Number of protein chains: 2
Amino acid sequence: MIGRARRSEELGETLLPKRLALPIFASDPLSSVAYATQEILLVLTLGGLAYLHFTPWIAAAVVALMAVVVLSYRQVVHAYPSGGGSYEVASTNLGPSAGLVVAASLLVDYVMTVAVSIASGVDNIISAMPDLAGHRRALAIGFVALLTAMNLRGVRESGRLFAAPTYLFVGGVLIMCGTGLLRFLMGDAPVAATAQYGIEPVPGEANLAGFALLMLVLRAFSSGCTALTGVEAISNGVPAFRKPKPKNAATTLSAMGLIAVAMFVGVTTLAIVAKVHITDDSCRLTGLADCTGYTQRTVIAQLASAVFGGENTLGFYYIQAATALVLVLAANTAFNGFPLLASILAQHRYLPRQMHNRGDRLAFSNGIVALAVAAGLLLWVYKANVTSLIHLYILGVFTSFTLSQAGMVRHWNRELRVVTGPARRHRIHVSRAINGVGSCITGLVLVIVLATKFTQGAWLAVVAAVVLWVMMRGIRRHYDSISAELTATDPRSELVPPSRVLAIVLVSTVHKPTLRALAYARAFKPDRLEALTVAVDRGEAVRLREQWERLDVDVPLKIIDSPYREITRPVVEYVRSIRRESPRDVVAVFIPEYVVGHWWENLLHNQSALWLKNRLLFTPGVMVTSVPWQLSSSVRADRPAARAPGSVRRGEPAAPRPPYQGRS
Amino acid sequence: MIGRARRSEELGETLLPKRLALPIFASDPLSSVAYATQEILLVLTLGGLAYLHFTPWIAAAVVALMAVVVLSYRQVVHAYPSGGGSYEVASTNLGPSAGLVVAASLLVDYVMTVAVSIASGVDNIISAMPDLAGHRRALAIGFVALLTAMNLRGVRESGRLFAAPTYLFVGGVLIMCGTGLLRFLMGDAPVAATAQYGIEPVPGEANLAGFALLMLVLRAFSSGCTALTGVEAISNGVPAFRKPKPKNAATTLSAMGLIAVAMFVGVTTLAIVAKVHITDDSCRLTGLADCTGYTQRTVIAQLASAVFGGENTLGFYYIQAATALVLVLAANTAFNGFPLLASILAQHRYLPRQMHNRGDRLAFSNGIVALAVAAGLLLWVYKANVTSLIHLYILGVFTSFTLSQAGMVRHWNRELRVVTGPARRHRIHVSRAINGVGSCITGLVLVIVLATKFTQGAWLAVVAAVVLWVMMRGIRRHYDSISAELTATDPRSELVPPSRVLAIVLVSTVHKPTLRALAYARAFKPDRLEALTVAVDRGEAVRLREQWERLDVDVPLKIIDSPYREITRPVVEYVRSIRRESPRDVVAVFIPEYVVGHWWENLLHNQSALWLKNRLLFTPGVMVTSVPWQLSSSVRADRPAARAPGSVRRGEPAAPRPPYQGRS
C-alpha cells in the first residue's frame, strides 16, 4: 500500500528540484488566497456595508507584510541551510528556551494549517456541489486520511503528484482575475450574485468610531494575515532542495511571494469590483427570501461565477476544482514540515525518539501519523468549520516570525564582530536592517493578533503551545537524566563479574518445556541450581513432588505456599531473600515458555509468565532467561523471511541508533 | 472497591443457607411473573380483543409445564449434586457433544436473562416515573454495571443484599392479587385504566381460524413460557448450597415452583378480571386522544393502580419499586450461574483457562465481566426494548430442558441395571417416568418456540449458540493438541544438556547496562562469548568499534550491516546461521535492558528489545536472557509489598494450576 521498502542510501534520490519544491512547500501560502480575502470581508461586514471601503487598505497592509516576511526569510535560508528554520535560528541565537517556544508554536500551526486548508477546501467543494453540505465532516476527515497515506509513501512521489494542481490553481486564478479586470476596464464589470443583497450590521457593531472602529479594522487585518501562513515552510525544508540548497530555496521563496501577492491583490480587487457581499450569518443578508436554507458560496466561487457567467460554466467548475484541490494539497505543506521539525526536535531529545525514525519508505512515519491524528481531531470537534478554526490560526506563525527575525539580528551582530571586508560588512548591515524591521513589524502584528483573537478561540492555540513547550522540556530532562545515569564512569569496574551464579528453574508441571529449561540451565553449570514451584493448590503440589521424585534428577524442588493464589509475589520475594543472604551473587531465573503461532492462541493461556518476567526485571542482581519451546503452530507462523511488523520503521539512518535497551 | 482479598480456605464460608439461596437463584423465575402475563396478552391482542378469552387456557398450560419442569429438575438435583446441572447431565449421559449444545444454549440464555430482566425492570421504573422514558438505555447499562460490581465482591454478601427485595416483591404481589380477587368476590372488581379502550386488530390477524389461529395461540404460549426461564439455575448452583446440598436444593426448587405458580396465576387472573388492555403499539388502542405521546404502563403497574386506587398511592409505588428491584436482581441469577458454568467449561478445557480463575474475592471474575459485556451490548443494540429482546429468549432454556431430561432417562436406565432392591427400583421407575414425560413435553415446547419465534429474532440466539458450540470444540481441540505436544514421553532424554553454550551479548553503545550484561554473561563461563551489534548507520558503528577497543575486553565485537534499518531480522538470521553450523549447541542471547518506573517513560524509548525477544523465541535452540539495569525511577516504583495488578486474580484454588509457560 505504501510501496516497497527503500535503502538508507536512496535518501539522496528524494531531493526536490525547484519546480517541484514550489508546489510542495508553497501550496499553503498560495492557497490561502482562497480564504484570506474572504476572512477580511467577513470581519468588515459585521458592521454592514459601511466599512467595506477599508478593504483595499487592509489588503495593502497584508501585501507589505508579505514583502517584509519574504525578504526576512531569504536571509534565514541563506544563513541556516540545515532546515531547522525558525526553530534553529531562535535556538542558536536566543537560547534553547526561545527555540522551544518557536518549535511549539510551529507544531501547533502545522496542525492548524492542515485543519484550516482542508476545511476551506471542503467549503469550496460544497460551493460547487451544495448537495454535499451534510457530509462536511466526513469529507474533511477523508482528505486527512488520503494525505496521510500519500505522505507515508515518501516526499518525492508526493511532489510530482502535487505539482500539477498548484500550477493549475495559480493559472486559473490569474486568468480569472485578468479576465475580470479586463471586463471592468472595458466597462463590462462582472457583478457578483450577492451584490444585490444588503447586509444588516450586527447590533453594537454599526456606526463605530475611534477605538472600536480601529479594533474592527485590526481584526480584519488579523484575519487577512492568514495569507502569510506557510511562508516559513520553505526555510524549514531547505534540506529537501537540490544543491545549491540555500540559493534554490531563496529563489523559490521569492517566486512564491510574488505569485501570492499577485493572486491576493487580484482576488481582492475583483471582490471589490464585483461587490461580493458575504457575512458570517446568511440571515443578515437583506433582500433574501429564505435565509435559513441558503448556503453562502465562497468568495472565489462568487467571483468565478461572476467572471465566467454563471454556476454552470466550465470556468466556474475549473476554478472550484482547482481551488478545492490546491487547498487540500496545501495541507500537504504541513505534512512535509511537521514531521521534519518533529524529527529535528527528537534528534535534540525534546520529543520521543520514535519521531526521528524514518519508515520503510524513508518518510518520518510517526510524525505524519501524529499530525494526521491531531488535525483530524480538530476537524471533528470544530465540524470542519473554517471560521471557527481560523481563530486558532496564525498566532504561532507570528510568534515564530518575530523570534526568528530577532534571532537573525543577533546572528548578524555576531557576524559583524568577525567579518572585516567592507563589501561583506555592508551586505550584513543590510541583512540586519531587513531582519530588524521584520522582527519589529511581525512583533507588532503578533500583538494585534493576540489582542483581537485571544477571546475568539486563540487561547486554545496558546494553551496547546504552552503544554507542548512544558512537555518538550520534560522529555529533554528525562533523556538527560537517563543518559547521565547510564554513562559508565569507570568501565573496568562495571565489568567485574558476580562472585557466584545461583540458578532457579520455575516449574509448574513436568513436561517438555520444563525439561528443556532444566537441561539448558544445567548446561551453564551454575554454582547452585534448584527448581521452584508455587503451591496455589496443595493437591497439585503433592502430585508435582511425586512426579519430580520419579524423574530422579539431581536438582532439588523447592515449593512455596501461596494461600492468596498469587504467583508473582512469592517468586519475587524468594529471589529477594536469596539476594539478601548473598548480595554479591547473581540470581538467574529460567522460565520455560511455550510459543504459539497465532495471536488468538495467546488468549487461551495465562499471562503469568509475562507478569512474572516484568516484575523480576525490577529486582536488582537478577537476570531472567526465557527458554522457549516452539509448538508446531509457531513453526508454521515463523517463516524465516518474515519481518516483524514495523521493524524497518524503527531503524534510524543518520542519528544515534536506538539502543537495544529501550524496552517496554 | 470490591473488598479485601480472601484466602482460598475461606471458600467454605461463602456457602448459602436456603433462605438466601431462594432469592439468589429463584429471583429470575419469580420475577418473570412481571412480564410473562404481559407477553401472552401482547400476542393475543394482535387480533384485537377477540382472542383474550384464550388467556386462562394458555396460563394453565404454562402452569402445567412449570410443574413438569420442577419435578424433573428435582430428580437432576438429587442425581447430580456437583452443580454441572443440565450440562453435566447431558454430557454424562448423551456424550460431550450433546453436553456442549446444552452449555452453549445456557450461556446464551444467561446473557438473555440479564438483558430481558433489566429491560423489564427499567420498563417498570418508567411506568412509575414516565419522565425517565428518554433514559431507558442509560438506566439499563447502569444497572448492568452495578450488578457487575456487586458480583465481583463475591456471592455471599450479594446474597444477603439480594434476599430482602425478592421477599418484598413476592409478598407485595401476593397481597395485591389477594386484595384484588377479594374485591372481585365482594362485587367491587378492580378496573384497569385501559379497560375503557378498545384494540384495533393488526391487519391480517383479525378473524383467524384453523391453523392461523392455532399459530397465534402457540405464539402466545411461547411468550408465556418466559415464566419458566431460570428454573435450571438451582440445578447448576447446587455446590453453593449448605449441606446436605441436594436436599436443600430440591426443597428450594419446590418452594420456588409453588411461589411462582401462585403469583403467575394470581396476576393472570387479576389481569383478566381488571380487563387490562395492552398492545405492542399504543396507536392501536381505540378511544385514546393522543396515541403517540402515550406511554403504556406494564401489566403489573396497571394492576397495582387498579387494586390500590390510582397511581399516587403508596401501594402502587411499593409494587413498582419491588418489581423493578426484583427484576434487576433477577439478572443476578445469571451473574451467579454464568460464571459457574463457564468455570466448569474452562475446567473441562472448553473455554479459556482464565474463566476458571477465582478473583481476589473468590468470585469467577472473568466470567462475570464476560457476561456483563455481552448483556450490555445486547441492551445497547436493542435499546433495552423488552419485546425485541424476548424473541431471543427461552430457546436455550428449552434446549437444555429437553436434552437434560433425555439424559436423565438414560441415567435411570443405567441405574436400573445395577440396583436390585424392589423399593429403590420402584423409586427409579417413577423418576424415569417423570423425566421421560418432562423430556417429551419440553421437547414439544422447544419445537413450538422454534416454529413461532425463529423469524421474529430467535435465529440470532440460534446462531450465537452454534458459534459458541463450534468455538468451544475448537478450544478443546487446541488444548488437547498442545497437551499432547508438551507431554514428555521419555523425560530422561529431554534432560540431556546441549553440547556447548554459545553466548551473544547485544550491544548498541558502551554504557552501564551493556557492561553489566557482559559481566553476567562472563559469569556463566560459556564455551564461546561474543558481542553483537547491528550497523544501521556506518558512522555509529565506527564510533562503537573505537569505544570497544578502548574498553580492552577479551570479547570480540561482531558488526552486522543493515541497509534497510532493520534490527530484528539481521540478529535472528545471524543466530540461525550459528545454529545451522552447530545444531547440537544452544545459543544464549543476552539483551541489556534498562527498566523505567513509569508507564509513560516507556513511550520515550524504542520497543526494539521487546520485538527482538519476541522473534528470538520463535528460533529453536535459543534462550533469551534479559539483563535488567534498574534506573532510579524504577526503584521508587518497585515497593516490595506492591502486588502486580491482577496477580491474585490469576491464582486458581481447586484446579490445574496455570503453568508459568502460558505466555503472551
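Reading the values: rules and limits
- Residues numbered from 1 in each chain as written.
- Chains lettered and ligands numbered in written order.
- Predicted model: local features only at pLDDT ≥ 70, side-chain atom pairs only at ≥ 80, totals over all residues.
- Helix = DSSP H or I, 4+ residues; strand = E, 2+ residues; numbered from the N terminus.
- Buried ≥ 20, exposed ≤ 12 C-beta atoms within 10 Å, placed from the backbone.
- Contact = placed C-beta atoms within 7 Å.
- pLDDT = per-residue confidence, 0-100.
- Pairing = 2+ DSSP bridges.
- Right-handed = clockwise from strand over helix to strand, strands pointing away.
- Axes fitted to C-alpha atoms, helices over the stretch in contact; angles between N-to-C directions.
- Parallel < 35°, antiparallel > 145°, perpendicular 65-115°, else oblique.
- Left-handed = near helix turned anticlockwise from the far one by under 90°.
- Nonpolar A, V, L, I, M, F, W, Y, C, P; charged D, E, K, R; others polar.
- Expected span 1.5 Å × (residues − 1).

Q: Tell me what's going on with the overall build of chain A, and back it up with residues and numbers.
A: The helix and strand tally for chain A stands at 24 helices and 7 strands. Counting every position in chain A, which comprises 664 residues, the buried fraction comes to 55%. If you take every contact in chain A between residues at least 6 apart in sequence, the share linking residues at least 24 apart comes to 83%.

Q: Which residues make up the confidence of the model for chain A, and what values go with them?
A: Residues and elements named next belong to chain A. For chain A, the average pLDDT comes to 83, and 89% of its residues sit at 70 or higher. Within the model, the stretch residues 639-664 combines pLDDT values under 50 with 84 contacts to residues more than four positions away or in other chains. For this predicted complex, the interface confidence score (ipTM) comes to 0.71, while the overall pTM stands at 0.70.

Q: Give me unusual backbone geometry: which residues, what numbers.
A: Residues and elements named next belong to chain A. Note the cis peptide between K243 and P244, where omega equals -5 degrees. Although it is not a glycine, K275 adopts a positive phi angle of roughly 55 degrees. With respect to the helices, strands and loops of the structure, K275 is situated in the loop between helix 10 (245-273) and strand 2 (285-286). The backbone of R349 shows a phi angle near 60 degrees, a positive value even though the residue is not glycine. In this structure, R349 sits in the loop between helix 12 (314-347) and helix 13 (365-381).

Q: Let's hear about the pairing of strand 5 (residues 557-561) of chain A: which residues, and what values?
A: All names here are of chain A. Sheet topology places strand 4 (residues 528-535) next to strand 5; 5 bridges connect them, and they run parallel. Bridging from a neighbouring strand, V534 pairs with I560 of strand 5. Handedness of the crossover is the feature at issue here: the chain leaves strand 4, passes through helix 20 (residues 538-551), returns alongside strand 5, and the resulting connection is right-handed.

Q: So, the sheet that holds strand 6 (residues 586-595) of chain B: which residues are in play, and what are the values?
A: Taken in spatial order, the 10 strands make up an open sheet running 5(A)-4(A)-3(A)-6(A)-7(A)-7(B)-6(B)-3(B)-4(B)-5(B), and their pairing is mixed. Of all strands in the sheet, those with a lone pairing partner are strand 5 of chain A together with strand 5 (557-561) of chain B, marking the two edges. The average angle at which neighbouring strand axes cross in this sheet is 30 degrees, direction not considered.

Q: Mind laying out the environment of B:A322, listing which residues take part and the relevant values?
A: Residue and element names in this part refer to chain B. Structurally, the position occupied by A322 is in helix 12 (residues 314-347). For A322, a count of 26 C-beta atoms within 10 Å corresponds to the buried category. Taking the C-alpha atoms as reference points, A322 and G121, separated by 201 residues in sequence, lie 9.7 Å from one another. When neighbours within four sequence positions are excluded, A322 is seen to be in contact with P165, L168, F169 and G172.

Q: With reference to specific residues and values, describe the packing of helix 3 (residues 55-79) of chain B against helix 8 (residues 210-224) of chain B.
A: All names here are of chain B. At their nearest, the axes of helix 3 and helix 8 sit 10 Å apart, and the two run at 45 degrees to each other. Here helix 3 lies oblique to helix 8, going by the angle between them. The two elements helix 3 and helix 8 cross, and the hand of that crossing is right-handed. Taken together, the residues of helix 8 that come into contact with helix 3 (itself represented by I58, A59, A61 and V62) are V217, A220, F221 and G224.

Q: Could you give an account of the packing of helix 1 (residues 18-31) of chain B against helix 10 (residues 245-273) of chain B, with specific residues and numbers?
A: Residues and elements named next belong to chain B. Interaxial distance between helix 1 and helix 10 falls to 10 Å at its minimum, and their mutual angle equals 45 degrees. With respect to helix 10, the axis of helix 1 lies oblique. Viewed along their axes, helix 1 and helix 10 form a crossing whose handedness is right-handed. For the pair formed by helix 1 and helix 10, the contact residues are K18, A21, L22, A26, P29 and L30 on the first element and N248, T251, T252, A255, M256, I259, A260 and M263 on the second. Its residues assigned to classes, the contact of helix 1 with helix 10 shows 10 nonpolar, 3 polar and 1 charged.

Q: I'd like a description of helix 15 (residues 395-418) of chain B, backed by residues and values.
A: An α-helix turns once every 3.6 residues. As a result, residues three or four positions apart point the same way. Across its 24 residues, helix 15 of chain B extends 36 Å between first and last C-alpha, which sits within 8% of the 34 Å expected from 1.5 Å per residue. The element helix 15 of chain B is largely enclosed, with a buried count of 17 among its 24 residues.

Q: Can you break down the environment of A:S235 residue by residue, with the values?
A: Residue and element names in this part refer to chain A. Examined against the element boundaries, S235 turns out to sit in helix 9 (residues 233-236). We classify S235 as buried; it has 32 C-beta atoms within 10 Å. Considering only alpha carbons, one finds S235 and Y87, 148 residues apart in sequence, at a separation of 9.9 Å. Those residues in contact with S235 that lie beyond four places of it in its chain are Y73, V76, V77, G85 and S86.

Q: Let's hear about the pairing of strand 7 (residues 622-630) of chain A: which residues, and what values?
A: Burial runs high along strand 7 of chain A: 9 of the 9 residues are buried. The alternating pattern of strand 7 of chain A places A:V622, A:V624, A:S626, A:P628 and A:Q630 on one face and A:M623, A:T625, A:V627 and A:W629 on the opposite face, and all of these are buried. Here 9 bridges tie strand 6 (residues 586-595) of chain A to strand 7 of chain A, and the two strands are oriented parallel to one another. What sits directly across from A:E593, in strand 7 of chain A, is A:P628. Two strands pair when backbone bridges link them, and strand 7 of chain A and strand 7 (residues 622-630) of chain B are joined in this way by 3 bridges, in the antiparallel orientation. From the neighbouring strand, A:V624 faces strand 7 of chain B, where its bridge partner is B:S626.

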